[in-house]
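Below, each chain spelled out in residue letters.
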Amino acid sequence: MALANPIELTRSLTATQQRTFVAAFLGWTLDAFDFFLVTFVIGDIAKAFAVDKGTVLLGIFLTLALRWLGALIFGVLSDRFGRRGPLMASILLYSIIEFATGFSTTITMFLVLRALFGVAMGGEWGVGAALALESMPEKSRGFFSGVLQQGYATGYLLAAVVFYLVYPHFGWRMMFFVGAVPALLVLYIRLAIPESEAWKEQHARNIGETGNLLAAFAKQPMLFVIAILMMSAFNFMSHGSQDLYPTFLRDQHHFDTGTTSALAIIANIGAIIGGTIFGGLSQTWGRKRAIITSSLIGILVVPLWAFAPSTALLALGAFLIQFFVQGAWGVVPIHLNELSPGIVRGTFPGFAYQIGNLISSGSSNIENHFAKTSFPIGPDGADYGKAMAIIMVIVFIAVAVFTALGPERKGVDFASD
């Protein structure tokens, strides 16, 4: 039941395995970093283009709604031609589009670029996770799955830091110019990361079949259905607890930039710790038990997260809610990769994940509308805390239920599967 020693697990990796994992982790970190930059400046963008916040939130909706297309395109390419090339293409494209967003002159241009950004960033997670986890020893998978997924929280944390350091001096546009930094990672992948050996073996045995998602679906349709339902609940859980959180702090609690950044950083420190711990626990508990335990305990901390009466208790609630949200998420990369049919491992995890994103893509708009219509405060304000609390209890339960209904294939051999 005990967690394995992370230092020993890291030392057990070869230099190539370590470099591959670092590349995948940074790709996901910087992907999330670029995505979350916009959540800190929703109000500023609305003012710049003379629109309401709901219109700007449409940009988040479009990003999430189109990530499935990127997962499909880059995933199929990675199953047919290898993991490295599609991963580099995804990172380079989302970096360029993020940079271009800073030059938006109209709300229409902004929304189009956020839609294209969704396609580009949608390919990174599935391909990067396959590249990293296919190279891992079986005993290390759970722990490194937890660490890998927390690239997402690390990206949010970096976005909070940039908001604190850059925004007060240079404004919202500079936030997106900084978002071009991930392009530098492509050079590292090109020079230091080899192709996946598991993919090479699969490709050699199944030339002409790899990347055939429809054939894989025909053989196991219920696997696809339950994976998509599970990931819809997962994505609603993460975005429901994160996307409107800075707005909740700035508009409802009237916190300044420094306090908002500090609470976001504390929340994501909790996420990183929780994801790593529960990812590691899944190696002994099993994938499903770890996810269900984390999500059900998360329900208990919702009141503290949403209704704490002081800044200190809000910070504790932020830490704990993300500890359990990302505790469950920490198991997802390895759980989906183990569930995936081998010939579509570059496509299936990312596709299921991003279709879940499509289904839950209106989460921030739903929360915003729910808060304004059900819990209005004054002419323009809303009690975001109540709206987020109700929704989070529902989605925590949904995550537990859909996970329990699905299968588990802990320890499957990636090379021969």
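Residues numbered from 1 in each chain as written. Predicted model: local features only at pLDDT ≥ 70, side-chain atom pairs only at ≥ 80, totals over all residues. Heavy atoms only, no water.

### A short note on unusual backbone geometry
And step 1. Unusually for a residue other than glycine, Ala-50 sits at a positive phi of about 55°.
And step 2. Unlike most non-glycine residues, His-254 shows phi in positive territory, near 60°.
And step 3. When you line up the elements, His-254 lands in the loop between helix H16 (245-252) and helix H17 (257-285). (Helix = DSSP H or I, 4+ residues; strand = E, 2+ residues; numbered from the N terminus.)

### A few points about the layout of surface pockets
And step 1. The volume enclosed by the largest pocket comes to roughly 310 Å³.
And step 2. Lining the largest pocket are 15 residues, and of these Lys-53, Asp-251, Lys-372, Asp-380 and Gly-381 lie nearest its centre.
And step 3. For the lining of the largest pocket, the elements supplying multiple residues, two or more each, are helix H4 (53-81), H16, helix H22 (363-374) and strand E2 (381-382).
And step 4. For the lining of the largest pocket, the residue count by class is five nonpolar, five polar and five charged.
And step 5. Its volume calculated, the second largest pocket comes out at about 180 Å³.
And step 6. Lining the second largest pocket are Thr-39, Phe-40, Ile-42, Gly-43, Asp-44, Lys-47, Lys-53, Tyr-167, Pro-246, Thr-247, Arg-250 and Asp-251.
And step 7. Mapped onto the lining of the second largest pocket, the elements with two or more residues apiece are helix H3 (42-48) and H16. (1 Å grid on protein atoms, 1.4 Å probe; cavity = no way out; pocket = protein on both sides within 12 Å on 5 of 7 lines; lining within 4 Å. Points joined across faces, edges and corners; volume = space filled by probe spheres on them. Nonpolar A, V, L, I, M, F, W, Y, C, P; charged D, E, K, R; others polar.)

### Side note on the environment of Ile-273
And step 1. In this fold, Ile-273 is placed in helix H17.
And step 2. Judged by its relative accessible area of 36%, Ile-273 falls in the partly exposed class.
And step 3. For the pair Ile-273 and Arg-287, spaced 14 residues apart in sequence, the C-alpha to C-alpha distance is 17 Å.
And step 4. With sequence-adjacent residues up to four places away left out, Ile-273 is seen in contact with Phe-319 and Phe-323. (Buried < 20%, exposed > 50% of the residue type's maximum accessible area, 1.4 Å probe, protein only. Contact = heavy atoms within 4.5 Å.)

### Observations regarding empty space enclosed by the protein
And step 1. Summed over the entire model, instances satisfying the criterion amount to two cavities of 30 Å³ or more.
And step 2. Considering only enclosed or pocket space, the largest cavity measures out at about 60 Å³ in volume.
And step 3. Those elements that provide at least two residues to the lining of the largest cavity are helix H15 (221-242), H17 and helix H19 (311-329).
And step 4. The greatest single-element share of the lining of the largest cavity, amounting to three residues, is contributed by H17.
And step 5. Considered as a void within the structure, the second largest cavity measures approximately 30 Å³ in volume.
And step 6. Lining the second largest cavity, in full, are Ala-24, Trp-28, Glu-124, Trp-125, Gly-128, Ala-129 and Leu-148.
And step 7. Listed by contribution, the elements that provide at least two residues to the lining of the second largest cavity are helix H2 (15-37) and helix H7 (124-133).

### Remarks on the side chain of Asn-235
And step 1. Secondary-structure assignment places Asn-235 in helix H15.
And step 2. Judged by relative accessible area, which is 0%, Asn-235 ranks as buried.
And step 3. Separated by 2.8 Å, the side chain of Asn-235 and the backbone oxygen of Met-231 make a polar contact.
And step 4. Excluding its chain neighbours within four sequence positions, the residues that come into contact with Asn-235 are Gly-240, Trp-329, Tyr-353, Gly-356, Asn-357 and Ser-360. (Polar contact = N/O pair within 3.5 Å; in protein donor to acceptor, adjacent residues only side chain to side chain.)

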